[in-house]
Amino acid sequence: MQFDTTYLTEAGRSLATGTLGGLDKIQFTRAVASSHDYSATPVNDLKKLTSIEDVQQTVEYSRIIKKDDTTLTMRVDFPSRDVTTAYSLYTVGFYARPENGDEILYGVLPSSLPDYIAAYDGKSNLNDSFQTDTTVSDADNVLITVSQAGSLNEADLDAIFASKHIATIDDIKANIPATVIDGSKPADFKESVTLEKGAVDGTGNAIATTKDVSDGDATTLKSAKDYADTKISGKADDSTVVHTADMRKPASDVAGIEEVNAKQDKLDYTPANDANVVHRNPDTGSVSESVDFTNAKANGHPIIPIETSTDKDTAQTNSTTTPNVIYLY
């Protein structure tokens, strides 16, 4: 089975165009199943056809639905119970007529791979069904009449919808209250809303309310703080920061480096000359460089210079020589 394309005939195209502006109305009348092979017929010749040869079955449309302003979906069913002689179904022909005119061949659906339609055996009743979309200028100007044999027409469906209070999608959209939250948009509550189970964030964590905060509920406040801490990246380590209580003076009384530099120039002092001072090892306290003291004392006693002798008495008698060793009294 390979029924791919329905070709509108020239008469069918003229009728479809005539619906524009309400100039005419279409009534689809019947469809036929044919054993004639039109698959090799050029498309231009198919469009010129006015009738179908070798018709084996004729049925009314089972369903016609308006898909949009210009498109119709049409279905036909060929039941096996009507077949007395088996045949190969090569072609389906669609017929229609203007509201006040004669019937014309509206469209042709050919195939090179036919369906084999067996004669009815009195037991199995199978339908060979075909559905096709067709375009008209104005779908509102189509008079829909379909078969009542086991199918529902549009009027039947309208009646069922009305009696069962079945709403369409458009009905639902038109009657959705403005207060219903649209999950795809930010919620904007115009009035007070009570959340019976409390407010939670996207992961289910409870959100503290202003009442919780004003009541001073320690548990709630601690939970809120702990939750907020988890959401803050780069939070300072409390052990590495200076607290106000640790400062001997307020921060406003502490001079900045710029202020210190500005005031240092105003101090009345003479900086030491590095060449004239004795340098001491800050780690050991010892002086490793040679020093010439002219009036040195230790604990109030003069320091007596000696030459090379290490004897204290000898050093006292040779006080006029250049000292190499200093004894402290």
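That block above? That's the structure.
This is a predicted model, so every value here is computed, not measured.

Caption draft 1: View of the side chain of Asp 77. The residue Asp 77 is located in strand β5 (residues 71-79) in this model. We classify Asp 77 as buried; its relative accessible area is 11%. At 2.8 Å, the side chain of Asp 77 forms a polar contact with the side chain of Ser 62.

Caption draft 2: Geometry of the sheet that holds strand β4 (residues 63-66). The three strands are arranged β4-β5-β8 in an open sheet whose pairing can be described as antiparallel. Bordering the open sheet on either side are β4 and β8 (127-135), each of which pairs with just one other strand. For this sheet the average axis-to-axis angle between neighbouring strands, irrespective of direction, equals 15 degrees. In the sheet, β5 pairs with β8 via nine bridges, with the strands oriented antiparallel. Among the inter-strand pairings, Val 76 is bridged to a residue of β8, identified as Phe 130.

Caption draft 3: The arrangement of the side chain of Thr 73 in detail. Secondary-structure assignment places Thr 73 in strand β5. In this structure Thr 73 comes out as buried when scored by relative accessible area, which is 12%. Once you skip the residues sitting within four places of it in the chain, Thr 73 turns out to touch Arg 63, Ile 64, Ile 65, Lys 67, Gln 131, Thr 132 and Asp 133.

Analysis parameters
- Residues numbered from 1 in each chain as written.
- Predicted model: local features only at pLDDT ≥ 70, side-chain atom pairs only at ≥ 80, totals over all residues.
- Heavy atoms only, no water.
- Helix = DSSP H or I, 4+ residues; strand = E, 2+ residues; numbered from the N terminus.
- Buried < 20%, exposed > 50% of the residue type's maximum accessible area, 1.4 Å probe, protein only.
- Polar contact = N/O pair within 3.5 Å; in protein donor to acceptor, adjacent residues only side chain to side chain.
- Pairing = 2+ DSSP bridges.
- Axes fitted to C-alpha atoms, helices over the stretch in contact; angles between N-to-C directions.
- Contact = heavy atoms within 4.5 Å.

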